[in-house]
Amino acid sequence: MRALVISGGGSKGAFGGGVAQYLLQELDYKYDLFVGTSTGSLLISHLALNKVDKIKEVYTSINQNSIFSINPFIVKKSKYGGMEIAIRHLTILRNFIRRSRTFGESHNLRELIGRTLTEAEFNELKSSNIDVVVTVSNLSLNQVEYKSVNDFSYEDFCDWIWISCNYTPFMSLVKKNSCEYADGGFGSMVPIEEAINRGATIVDVIILETEVTYYNRLPSRNVFSLLTNMHAYMVDRIEKQNIRIGKFVAANSGAIINFYYTPTVLTTNSLIFDKDKMTQWWEQGFNHAKHKDTELNEIKTQDN
């Protein structure tokens, strides 16, 4: 049983889509199980349907307005080079006056999910033999939950995809089934263990970070940037722990794991959605997977 696992990573999901495209279309891998967290959850339904071109079009055309119904920050050029985020003070103040529990809201993303994954596609997926599982964090019960396409209605599953991507407190906090839910990456950034627990013997894992940390974060300029740095630090720790646990579980169950890391640092702020960059990252992901496949074939040839 072969599984594809895609980690969280915000806008860097475009790179993961490129890697997945190569695995599906060039290597012709057939997957029985897809497991995703956060941005990975957005990709996996269409990958399972083999509608790569459709999800590529979505990923390479979105911007901040595609995600946020209330955008809590401004994207601007940094004096250090690149882009950075700054606070929209009036927007956040109005949100607090409305007694919102978050700085921003991401209802536009929920609408985008509904437009992108149609009910007919959902039914096609549900009637197939492929399982699609998204990761969410239940803050009320303090646990990670995995939601399979086979267990829910169309509207509910679209909700779970959306919830898996909600990077609170910058995006929506969702109350569902009397519990508060947020981004799956807060509990399981790279759900390798879940894939193996569901029976996978070969797991291809796309991790939207470099294998080794190559940079130091810039000093926090305000409360907002401090929060993003803190979140990034915690998520990085969770990711590394998930990978260690995944390797341990694989070793004890005889499963094989193939890792696909980003070869370079794509961005230091994955909440910035830039169409041009995401288009480049998709192509980079495809070419990176191609390069890795070529290297593996050369090694096999030398061994023979």
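Note: the structure precedes this text.
Let me sum up the structure you'll find in this document. (Residues numbered from 1 in each chain as written. Predicted model: local features only at pLDDT ≥ 70, side-chain atom pairs only at ≥ 80, totals over all residues. Heavy atoms only, no water.)

### Overview of the overall build of the protein
When you go through the protein residue by residue, the secondary structure sums to 11 helices and 10 strands. The C-alpha atoms of the protein give a radius of gyration of 19 Å, which matches the 19 Å a tight globule of 304 residues would have. Seen along its three principal axes, the alpha-carbon backbone of the protein occupies a region of about 65 × 45 × 35 Å. The proportion of buried residues among the 304 residues of the protein is 54%. A fraction of 77% describes how many contacts in the protein between residues 6 or more apart in sequence connect residues 24 or more apart. Of the roughly 14,400 Å² that the protein leaves accessible, carbon and sulfur atoms contribute 50%. (Helix = DSSP H or I, 4+ residues; strand = E, 2+ residues; numbered from the N terminus. Rg over C-alpha atoms; globule rule 2.2 N^0.38 Å. Buried < 20%, exposed > 50% of the residue type's maximum accessible area, 1.4 Å probe, protein only. Contact = heavy atoms within 4.5 Å. Areas by Shrake-Rupley, 256 points an atom, 1.4 Å probe, with all protein chains shown as cover.)

### Quick look at the packing of helix α1 (residues 13-26) against helix α2 (residues 39-48)
Two numbers describe how α1 lies on α2: the axes approach to 10 Å, and their chain directions differ by 30 degrees. Considered as vectors, α1 and α2 are oriented roughly parallel to each other. Relative to α2, α1 is oriented so that their crossing is right-handed. Counted together, Gly13, Gly16, Gly17, Ala20 and Leu24 of α1 and Thr39, Leu43 and Leu47 of α2 form the full contact between these two elements. The class makeup of the residues in the contact of α1 with α2 is 4 nonpolar, 4 polar and no charged. (Axes fitted to C-alpha atoms, helices over the stretch in contact; angles between N-to-C directions. Parallel < 35°, antiparallel > 145°, perpendicular 65-115°, else oblique. Left-handed = near helix turned anticlockwise from the far one by under 90°. Nonpolar A, V, L, I, M, F, W, Y, C, P; charged D, E, K, R; others polar.)

### Some words on helix α5 (residues 89-97)
In an α-helix there are 3.6 residues to a turn, and that puts residues three or four apart on one side. For α5, the complete set of buried residues consists of Thr91, Ile92 and Asn95. Each buried residue of α5 sits inside an arc of 95 degrees when the element is viewed along its axis, so together they form one side. Facing away from the buried surface of α5 by more than 90 degrees, the exposed residues are His89, Leu90 and Ile97. Backbone geometry just downstream of α5 places Arg99 in the positive-phi region, at approximately 65 degrees. (Arc of directions from axis to C-beta.)

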